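A closer look at the structure
Residue-level listing of the chains:
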Amino acid sequence: MYTQALNDPSSKIATVEEGEEKLNDYFMERISADEKIEPNDWMPASYRKTLIRQISQHAHSEVIGMLPEGNWITRAPTLRRKATLLAKVQDEGGHGLYLYAAAETLGISREEMQQQLLDGKARYSSIFNYPTLTWADIGSIGWLVDGAAIMNQIPLCRCSFGPYARAMVRVCKEESFHQRQGYEILLALCKGSAEQKAMAQESLDRWWWPSIMMFGPHDANSTHSDQSMAWKIKRISNDDLRQKFIDATVPQAHHLGLEIPDPDLKFNEKTGHWDFGKIDWDEFKRVLAGNGPCNRERMEARTKAHNDGDWVRKAALAHAAKQAARKSTRKAA
Amino acid sequence: MAAELEIVSREALFDLALRLGDTSLVLGHRLSEWAGHGPLLEEDIALSNLGLDLIGQARSFLSYAGEVEGKGRDEDKLAFFRNAPEYKNLLMVELPKGDFAFTMVRQLLFSAFHLPLFRRMINSTDTTIAAIAAKAEKEMSYHLRHSSQWVVRMGDGTEESHARCQKAVDDLWPYTGEVFEVDNNARELIEAGIWVDPEYLRDEWNGTLDAVLNEATLKKPESGWMQSGGISGTHSEHLGHLLAEMQSVQRAYPGLKW
Ligand SMILES: [Fe+2]
Ligand SMILES: [Fe+2]
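An account of the accompanying structure is given in this report. (Residues numbered from 1 in each chain as written. Chains lettered and ligands numbered in written order. Predicted model: local features only at pLDDT ≥ 70, side-chain atom pairs only at ≥ 80, totals over all residues. Heavy atoms only, no water.)

**Looking at the overall build of chain B**
Looking only at helices and strands, chain B has 11 helices and 0 strands in total. Compactness check: chain B gives a C-alpha radius of gyration of 18 Å against a globular reference of 18 Å for 258 residues, within 12% of the reference. Its C-alpha atoms give chain B principal-axis dimensions of about 55 × 45 × 30 Å. Buried positions account for 60% of the 258 residues belonging to chain B. (Helix = DSSP H or I, 4+ residues; strand = E, 2+ residues; numbered from the N terminus. Rg over C-alpha atoms; globule rule 2.2 N^0.38 Å. Buried < 20%, exposed > 50% of the residue type's maximum accessible area, 1.4 Å probe, protein only.)

**Some remarks on the packing of helix H2 (residues 45-64) of chain A against helix H7 (residues 162-190) of chain A**
Residues and elements named next belong to chain A. Where H2 meets H7, the closest approach of the two axes is 13 Å, and the angle between their N-to-C directions is 25 degrees. As the angle between them shows, H2 and H7 are arranged roughly parallel. The crossing of H2 and H7 is left-handed. Contacts between H2 and H7 involve Leu51, Gln54, Ile55, His58 and Glu62 on the former and, on the latter, Tyr164, Met168, Val171 and Glu175. Of the residues that constitute the contact of H2 with H7, the class distribution is 5 nonpolar, 2 polar and 2 charged. (Axes fitted to C-alpha atoms, helices over the stretch in contact; angles between N-to-C directions. Parallel < 35°, antiparallel > 145°, perpendicular 65-115°, else oblique. Left-handed = near helix turned anticlockwise from the far one by under 90°. Contact = heavy atoms within 4.5 Å. Nonpolar A, V, L, I, M, F, W, Y, C, P; charged D, E, K, R; others polar.)

**What about unusual backbone geometry?**
In the Ramachandran plot, Asp34 of chain A falls in the positive-phi region, its phi being about 60 degrees despite a non-glycine side chain. Here Asp34 of chain A shows up in the loop between helix H1 (20-32) and H2. The backbone phi angle of Thr217 of chain B is positive, close to 55 degrees, even though this residue is not glycine. As for its placement among the helices and strands, Thr217 of chain B is situated in the loop between helix H9 (202-215) and helix H10 (238-246). Since its relative accessible area comes to 47%, Thr217 of chain B is described here as partly exposed.

**Structural notes on the nonpolar core**
Counting residues in hydrophobic clusters, the biggest one holds 88 residues, and the most contacted among them are Tyr47, Ile55, Trp135, Phe161, Tyr164, Trp208 and Phe245 of chain A. Broken down by element, this core gets its largest block of residues, 10 residues, from H7 of chain A. One finds Leu62, Val93, Ala112 and Phe118 of chain B within the second-largest nonpolar core, a separate group that totals 85 residues. (Core = buried A, V, L, I, M, F, W, Y, C linked by side-chain atoms within 4.5 Å.)

**Some thoughts on the coordination of the iron ion (ligand 1)**
Residues and elements named next belong to chain A. For the iron ion (ligand 1), the protein coordination sphere consists of Glu62 (OE), Glu92 (OE), His95 (ND1) and Glu175 (OE), at 2.0 to 2.2 Å. Around the iron ion (ligand 1) sit 4 donor atoms, and with donor-metal-donor angles ranging over 87 to 140 degrees the site reads as irregular. Along the chain, the residues donating to the iron ion (ligand 1) fall in the pattern E-x29-E-x2-H-x79-E. Here the iron ion (ligand 2) and the iron ion (ligand 1) are spaced 3.4 Å from one another, each receiving a donor from Glu92. Here His95, found in helix H4 (residues 79-104), pairs with Glu175, found in helix H7; they are 80 residues apart in sequence, far enough to count as distant. (Donors = N, O, S within 2.8 Å, 3.2 Å for Na, K, Ca; no water. Tetrahedral: all angles 85-135°; square planar, octahedral: opposite > 155°, others 65-115°.)

**Considering the coordination of the iron ion (ligand 2)**
Residues and elements named next belong to chain A. Taken together, Glu92 (OE), Asp146 (OD), Glu175 (OE) and His178 (ND1) make up the protein donors of the iron ion (ligand 2), found 1.9 to 2.2 Å from the metal. Around the iron ion (ligand 2) sit 4 donor atoms, and with donor-metal-donor angles ranging over 89 to 150 degrees the site reads as irregular. In terms of primary sequence, the donors binding the iron ion (ligand 2) are separated according to E-x53-D-x28-E-x2-H. Of the residues examined, His178 reaches a relative accessible area of 2% and is grouped as buried.

**Some thoughts on the pattern of salt bridges**
Residue and element names in this part refer to chain A. All told, the structure shown has 33 salt bridges over all chains when counted by the stated rule. A salt bridge links Arg235 to Asp34, with the shortest nitrogen-to-oxygen separation between them at 3.1 Å. On the criterion of sequence distance, the pair formed by Arg235 in the loop between helix H9 (225-230) and helix H10 (238-256) and Asp34 in the loop between H1 and H2 is long-range, its members being 201 residues apart. You can call Asp34 partly exposed: its relative accessible area is 46%. (Salt bridge = Lys/Arg side-chain N within 4 Å of Asp/Glu carboxyl O.)

**Observations concerning the packing of H4 of chain A against helix H2 (residues 41-69) of chain B**
One way to put it is that H4 of chain A packs onto H2 of chain B with a least axis distance of 9 Å and a crossing angle of 160 degrees. With respect to H2 of chain B, the axis of H4 of chain A lies roughly antiparallel. The two elements H4 of chain A and H2 of chain B meet at a crossing, and its hand is left-handed. Residue-level contacts link Leu79, Arg80, Lys82, Ala83, Leu86, Ala87, Gln90, Gly93, Gly94, Gly96, Leu97 and Tyr100 of chain A of H4 of chain A to Leu41, Glu42, Ile45, Ser48, Asn49, Gly51, Leu52, Ile55, Arg59 and Leu62 of chain B of H2 of chain B. Residue classes in the contact of H4 of chain A with H2 of chain B are distributed as 11 nonpolar, 7 polar and 4 charged.

**Remarks on the packing of aromatic side chains**
As enumerated under the stated definition, the model contains 17 aromatic pairs over all chains in all. Ring centres of Phe113 of chain B and Phe180 of chain B lie 5.4 Å apart, and the angle between their planes is 80 degrees; on these two criteria the pair is classed as edge-to-face. Of this pair, Phe113 of chain B sits in helix H5 (residues 100-121) while Phe180 of chain B sits in the loop between helix H7 (159-172) and helix H8 (184-191), and the two are 67 residues apart along the sequence. With relative accessibility at 3%, the residue Phe113 of chain B sits in the buried group. Of the residues examined, Phe180 of chain B reaches a relative accessible area of 10% and is grouped as buried. Ring pairing ties together the aromatic residues Phe27, Trp42, Tyr47 and Trp231 of chain A, which thus form one cluster. For Arg180 of chain A, the ring lying beneath its charged end belongs to Phe177 of chain A, and the centroid distance is 5.4 Å. (Phe/Tyr/Trp six-rings, centres within 6.5 Å; stacked < 30°, edge-to-face > 60°. Lys NZ or Arg CZ within 6 Å of the ring centre and 35° of its normal.)

**So, the interface of chain B and chain A**
Across the contact, 47 residues belong to chain B and 46 residues belong to chain A. Between chain B and chain A lies a buried interface of about 3900 Å² when both sides are counted; carbon and sulfur atoms form 69% of it. Three residues, Leu41, Asp156 and Trp258 of chain B, lead the burial of chain B against chain A; their summed loss comes to 19% of the area buried on that side. Linking chain B with chain A are 2 salt bridges. Across the chain B-chain A interface, the total number found is 14 residue pairs in polar contact (both at pLDDT 80 or more). For the side of chain B that touches chain A, the secondary structure elements donating two or more residues are helix H1 (10-32), H2, helix H3 (75-80), H5, helix H6 (127-156), H7, H10 and helix H11 (248-252) of chain B. (Buried area = accessible area lost by both parts, 1.4 Å probe. Polar contact = N/O pair within 3.5 Å; in protein donor to acceptor, adjacent residues only side chain to side chain.)

**With respect to the environment of Leu50 of chain B**
In this fold, Leu50 of chain B is placed in helix H2. It is 19 Å that separates the C-alpha atoms of Leu50 of chain B and Ala168 of chain B, two residues lying 118 residues apart in sequence.

**Considering H2 of chain B**
Residue and element names in this part refer to chain B. Between its first and last C-alpha, H2 extends 42 Å over 29 residues, near the 42 Å set by a 1.5 Å rise per residue. A large share of H2 lies buried, amounting to 22 of its 29 residues. Residue Gly70 follows H2 closely and has a positive phi angle near 70 degrees. (Expected span 1.5 Å × (residues − 1).)

**Here's the deal with H4 of chain A**
The terminal C-alpha atoms of H4 of chain A lie 37 Å apart, and with 26 residues this matches the ideal 38 Å at 1.5 Å per residue to within 8%. Summarising burial for H4 of chain A: 19 of the 26 residues are buried, a large majority.

**As for the environment of Val250 of chain A**
Residues and elements named next belong to chain A. Here Val250 lies in helix H10. The class for Val250 is buried, based on a relative accessible area of 0%. The sequence separation of Val250 and Leu265 amounts to 15 residues, and the corresponding C-alpha distance is 9.2 Å. When neighbours within four sequence positions are excluded, Val250 is seen to be in contact with Ile260, Leu265 and Trp274.

Encoded structure:
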């Protein structure tokens, strides 16, 4: 495994016999020294569990995220846009793969994680429960959704768990391409006809609030945040990330000539930040609980792909087993 | 490129570029339908790769077609503003994506022919066609390898996968005759050294298929009656639906930049 090579055997490593408490102290010492935790290092069971939950949820989000954008590959308005969109959706599949691989280093299989998703035991980002209704939505997703993902993921490049941090470095590079491509789609629309500009505005109207909800509940109501911060899995709080995103995005919207659908949005000279209106947390909870516009469809599509692929995966396994058997008979003969 | 136009008709060269471009575009479109719906995440990615190669080829061939035609039509004008009867793609590529066996068998049949085709077209007397073929040839060898591996896995795998794969071979077989069709335009280009006589490719095509199907324990159908019509614009029922979807945004808002 590539991660093992990075474990320095000469470094001070607490042994299992020293007892759980001592191990934990030593683990926290390493965390405070900003050392990376690698898969075969000792780690608290709850740290492992938290990471599995977070990384697998992240992987599922990449994979489910292929669906709303995939919805426009066959209708992209130019061949260049078609190729770019197909490549983007393909990248998201690749992100899913790296992330499943990072989670597998913690001792869970991809199959198990996927089963958790299909059984409704694992979540994915709620943003993908919103529909892509017009071509402009492909622009909005790239600009806002990939943009929010970058805000979230840049600090994760410094996350204490090595494989996750390294996966994020790779992912972030591609996400920034996606964000630029999305913005460029909207820029073309905003420079186009009145109809195209209206399409862009209508799309922003639908995607703005769900995008800023992507950062999760306010810090005061965030259940997992404190422990994750202490473990340096999370480096920046939900509210701080959200503010950073809004501050970066508002001028971009203005550059497009689009209006952000928040009457309370105002630049605060004192703080140097954009103040914004109240987030509809009822909507957030409702969609999270399964009642968004597309929750059922997304899970149905994923389940269908999984079920339809069952015979293919079985065939690959059966062929591999037959090959191995043929090899060993040849050897024996 | 313009030099060749003195020895062959503009119409024949336009026709060839469309035939190749439309075929790549329609097959690329079918492959792209798998993104997010494949049997394994690795295959979502691989099928997208194949689709991207084909869409790239389509863009090159269609841009060239527009140049040859000389009426100011670019790749998008040609892709989005022609109706089904003006499309020149092979019938094989417009058939719905079907199951994974159908998709992979089609890719095998397609690339087993197009790999040697592009390899020979590298020597085309038309330098643009030769340059596109040089890139496409490398891509086709990957398509052939990938689809062969899967056809072998599925043919050899389980009873179900074998049956699905054999059905795909049988269903697609009548569409394989079209790759060997030569009309008057093609004949003119063959004589000018721009295009390749497909008869020269038949042995290699057969050899590749025999080897893969044999390893996959699949039967190659008897060569019987063959479907025809794609390259003259008489398509199956499926192309109209595909184009209606593909062209919907451009047709709803004509004349705009995207
Ligand atoms: Fe991603
Ligand atoms: Fe992305």
